[in-house]
Amino acid sequence: QVRLVESGGGLVQAGESLRLSCAASGSIFSINVMGWHRQAPGKQRELVAVITGGGDTTYADSVKGRFTISRDNAKNTVYLQMNSLKPEDTAVYYCNAEIRTAIMVARRPYWGQGTQVTVSS
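Structure report, in brief. Source: prediction; values computed, not measured. (Residues numbered from 1 in each chain as written. Predicted model: local features only at pLDDT ≥ 70, side-chain atom pairs only at ≥ 80, totals over all residues. Heavy atoms only, no water.)

1. Quick look at the nonpolar core
Spelled out, the test is: Within this scheme, the nonpolar core is defined by two criteria: the residues are buried Ala, Val, Leu, Ile, Met, Phe, Trp, Tyr or Cys, and they are joined through side-chain atoms within 4.5 Å. Relative accessible area decides the class of each residue, using a 1.4 Å probe on protein chains only: under 20% of the type maximum gives buried, over 50% gives exposed, and in between gives partly exposed. Only DSSP runs of H or I covering at least 4 residues are called helices, and only runs of E covering at least 2 are called strands; the numbering of each starts at the N terminus. Whether two residues are in contact is decided by their heavy atoms: any pair within 4.5 Å suffices.
Counting residues in hydrophobic clusters, the biggest one holds 30 residues, and the most contacted among them are Leu4, Trp36, Leu80, Met82 and Tyr93. In terms of residue count, strand β9 (residues 91-100) provides more of this core than any other element does, five residues in total. Ignoring any residue separated from it by four or fewer positions in sequence, one finds leucine 4 in contact with Cys22, Ala23, Ala24, Cys95, Asn96, Ala97, Ile99, Tyr110, Trp111, Gly112 and Gln113.

Here it is, written out as structure tokens:
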């Protein structure tokens, strides 16, 4: 069984920063891509940032230059440093990871339960 647990969400004012963490645990053989998505009320879930096992990153245009994704492979953890937060960043943030649980098992996506980020103006 694999679990992804996010932490670090909260309520901040516009212009402030938050750092989200997501730790994967359980029966893990390897982790490929890790990433963050978000879903605002009444909107579809959207990609925020992803990072490959080799460290290549991709960001949504709306967060480029403000958010930084990173990972610690030894800890099976992915981070999202969010700076210069805006009210439109308010959403539930979900981490996800492509995880292989055994050498002969195909990797599949796993999701965390989500953490709320609220940015007041």
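2. Points about the state of the cysteines
Note the threshold: The criterion for a disulfide is a pair of cysteine sulfur atoms lying within 2.5 Å.
Scanning the entire structure with this criterion turns up one disulfide. In this model cysteine 22 forms its disulfide with cysteine 95; the gap between the sulfur atoms is 1.9 Å. In this pair, cysteine 22 is assigned in strand β3 (residues 18-26) and cysteine 95 in strand β9, connecting sequence segments 73 residues apart.

3. Some points on the packing of aromatic side chains
Formally: By convention, a stacked pair of Phe, Tyr or Trp rings (six-membered ring in the case of Trp) has centres within 6.5 Å and planes under 30 degrees apart, an edge-to-face pair has planes over 60 apart, and any other such pair is tilted. Here, over-ring charges are defined by two tests on the NZ atom of lysine or the CZ atom of arginine: distance to the ring centre within 6 Å, and angle to the ring normal within 35 degrees.
In total, this model carries zero aromatic pairs according to the counting rule given. One Lys or Arg, arginine 45, reaches over the ring of tyrosine 94 and ends 3.7 Å from the middle of that ring. Sitting over the ring of tryptophan 111, arginine 45 keeps its end group 4.8 Å from the ring centre.

4. A short note on the side chain of histidine 37
Inclusion rule: Between N or O atoms, a polar contact is any pair within 3.5 Å; within protein, one atom must be a potential hydrogen donor and the other a potential acceptor, and residues adjacent in sequence are included only when both atoms are from side chains.
Inspection of the secondary structure puts histidine 37 in strand β4 (residues 30-39). Its relative accessible area of 14% is what places histidine 37 among the buried residues. Only 3.4 Å separates the side chain of histidine 37 from the side chain of asparagine 96, close enough to count as a polar contact. Leaving out residues up to four positions away in the same chain, histidine 37 has contacts with Arg45, Glu46, Leu47, Val48, Val92, Tyr93, Tyr94, Asn96 and Trp111.

5. Side note on the environment of serine 7
For serine 7, the position within the fold is in strand β1 (residues 2-7). Judged by relative accessible area, which is 39%, serine 7 ranks as partly exposed. Spatially, the C-alpha atom of serine 7 lies 6.5 Å from that of threonine 115, the residues being 108 residues apart in sequence. Apart from the residues lying within four places of it in its own chain, the contact partners of serine 7 are Arg19, Leu20 and Ser21.

6. Remarks on the pairing of strand β11 (residues 115-120)
Quick note on the threshold: A pair of strands is treated as paired once DSSP finds two or more bridges between them.
Only one face of β11 is buried, namely the one carrying Thr115, Val117 and Val119, since none of Gln116, Thr118 and Ser120 on the opposite face is buried. By the bridge criterion, four bridges tie strand β2 (residues 10-13) to β11 in an arrangement that is parallel. Bridge pairing links glycine 10 to valine 117 in β11. Here β9 runs beside β11; their pairing, made up of three bridges, is antiparallel. What sits directly across from tyrosine 93, in β11, is threonine 115.

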